[in-house]
Amino acid sequence: NMNISFAHLTWRFQGRPDTAAPTAHDLFNIKDGDYAILRPPPSKCDQHATKWGNSPIWLPFSAHATINAARALARWELKARVAPDARRTTPLFCGPGGINSAMTEGVCDDMFHGLLGVALNDKAAAKEYSIHSFRSYLASSLLASGCSDIQIQAALRWASAEALAEYKQINAEVYGGWILGAEKQKLTGLRAAGLARLLPQTDDLLH
């Protein structure tokens, strides 16, 4: 969301009450069990914040996870050092002008494709992806970890099940696990048509 500011980010350290003004000490000493808490503004799919407006995004800190949003945000807070009274007017994700400059959609796309081109060592291949590729990756990873469709939809704040169906991908291991699991089941359920029952009595049968 390009309209998100530092005011939409709060923190929970060591179980203390949430704070919108993290200190350098707290950020340097962040540990497992702490959270970065995002309350995004209304979005295209939830323009009046009626569906997800009361549901914050809980980002748990991990010192060892390969990808960890809370850890990255803590480092960014330490770098930006935005004053409490300036958090509402300071974009959380900055543009080329640095802190206080807004990241536009075009800049975000250019940066994404540029970094991905370097990572893949192929600028043309990078163009095959978009920012939404991250959403597809997360949806598929949540599915593989055992999350239900409802949980995935809530985590990614999709307004409809149709949007979820478009992005999630079932990998070979998950699909294979379904098949292997099915082979071990002994089904005892019967359809009504297969149950024993008395023949209906009619006038023809009685004579």
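## Notes on the overall build of the chain
Check the secondary structure of the chain and you find 9 helices and 5 strands. Each helix and strand of the chain, placed in order from N terminus to C terminus, yields the pattern β-α-β-β-α-β-β-α-α-α-α-α-α-α. The buried share of the chain, taken over its 207 residues, is 28%. By sequence separation, contacts in the chain at least 24 residues apart represent 50% of the contacts at least 6 residues apart.

## Considerations on the environment of Leu 38
Residue placement: Leu 38 occurs in strand 2 (residues 35–38). Taking relative accessible area as the criterion, Leu 38 reaches 12% and is therefore assigned buried. Leu 38 sits 32 residues away from Phe 6 along the chain, and the two C-alpha atoms are 9.3 Å apart. Once you skip the residues sitting within four places of it in the chain, Leu 38 turns out to touch Ile 4, His 8, Leu 9, Pro 56, Ile 57, Leu 59 and Leu 92.

## Let's talk about the side chain of Arg 87
With respect to the helices and strands, the residue Arg 87 is situated in the loop between helix 2 (69–80) and strand 4 (94–95). Among the polar contacts listed, one links the side chain of Arg 87 to the backbone oxygen of Phe 6, at a separation of 3.2 Å. Once you skip the residues sitting within four places of it in the chain, Arg 87 turns out to touch Ser 5, Phe 6, Ala 7, Leu 9, Trp 11, Ala 20, Pro 22, Glu 77 and Val 82.

## Focus: the sheet that holds strand 3 (residues 57–60)
Strands sit in the order 1-2-3 across an open sheet of 3 strands; the sheet is antiparallel. Looking at the sheet topology across the chains shown, the edges are occupied by strand 1 (9–12) and strand 3. Direction aside, neighbouring strands of the sheet carry axes that sit 25° apart on average. Relative to strand 3, strand 2 runs antiparallel, the two sharing 4 bridges. When the bridges of strand 3 are listed, Leu 38 appears paired with Ile 57. Most of the contacts of helix 2 go to strand 1, to which it runs at about 110°, and overall it touches strand 1, strand 2 and strand 3.

## Topic: helix 5 (residues 132–144)
In this model helix 5 runs 19 Å from its N-terminal to its C-terminal C-alpha over 13 residues, within 8% of the 18 Å that 1.5 Å per residue would give. Turning to helix 5, its buried residues are Ser 136, Ala 139, Ser 140, Leu 142 and Leu 143. The buried residues of helix 5 all sit within an arc of 160° when viewed along its axis, so they share a single face. Exposed positions of helix 5 whose direction lies more than 90 degrees from the buried face are Phe 134 and Tyr 137. Gly 146, located one to two residues past helix 5, shows a positive phi value of around 100°.

## Some points on helix 6 (residues 149–156)
Along helix 6, the positions that sit buried rather than exposed are Ile 152, Gln 153 and Leu 156. Here the buried residues of helix 6 occupy an arc of 100° about the axis, which is enough to place them on one side. Phi turns positive one or two residues past the end of helix 6, at Arg 157, with a value near 60°.

## Quick word on the side chain of Thr 90
Among the structural elements, Thr 90 can be located in the loop between helix 2 and strand 4. Taking the relative accessible area as the measure of exposure, Thr 90 reaches 2% and is therefore buried. Excluding residues within four positions of it along the chain, Thr 90 makes contact with Ser 5, Phe 6, Val 82, Ile 99 and Asn 100.

## Considering the packing of aromatic side chains
Under the defined criterion, the tally for this structure stands at 3 aromatic pairs. With a centroid separation of 5.8 Å and an interplanar angle of 5°, the aromatic rings of Trp 11 and Phe 13 are classed as stacked. Overall, Phe 13 belongs to the buried group, its relative accessible area being 1%.

## Some remarks on the nonpolar core
Membership of the largest hydrophobic core comes to 17 residues, with the highest contact counts inside it found for Leu 9, Trp 11 and Ala 36. Of all the elements in the fold, those that place two or more residues in this core are strand 1, strand 2 and helix 2. For this core, the element with the most residues is helix 2, which contributes 4 residues. Excluding residues within four positions of it along the chain, Leu 9 makes contact with Ala 36, Ile 37, Leu 38, Leu 73, Glu 77, Arg 87 and Leu 92. Ala 139, Leu 143, Leu 156 and Trp 158 belong to the second largest nonpolar core, which has 6 residues in total.

About the cut-offs
Residues numbered from 1 in each chain as written. Predicted model: local features only at pLDDT ≥ 70, side-chain atom pairs only at ≥ 80, totals over all residues. Heavy atoms only, no water. Helix = DSSP H or I, 4+ residues; strand = E, 2+ residues; numbered from the N terminus. Buried < 20%, exposed > 50% of the residue type's maximum accessible area, 1.4 Å probe, protein only. Contact = heavy atoms within 4.5 Å. Polar contact = N/O pair within 3.5 Å; in protein donor to acceptor, adjacent residues only side chain to side chain. Pairing = 2+ DSSP bridges. Axes fitted to C-alpha atoms, helices over the stretch in contact; angles between N-to-C directions. Expected span 1.5 Å × (residues − 1). Arc of directions from axis to C-beta. Phe/Tyr/Trp six-rings, centres within 6.5 Å; stacked < 30°, edge-to-face > 60°. Core = buried A, V, L, I, M, F, W, Y, C linked by side-chain atoms within 4.5 Å.

These figures capture arrangement, not role.
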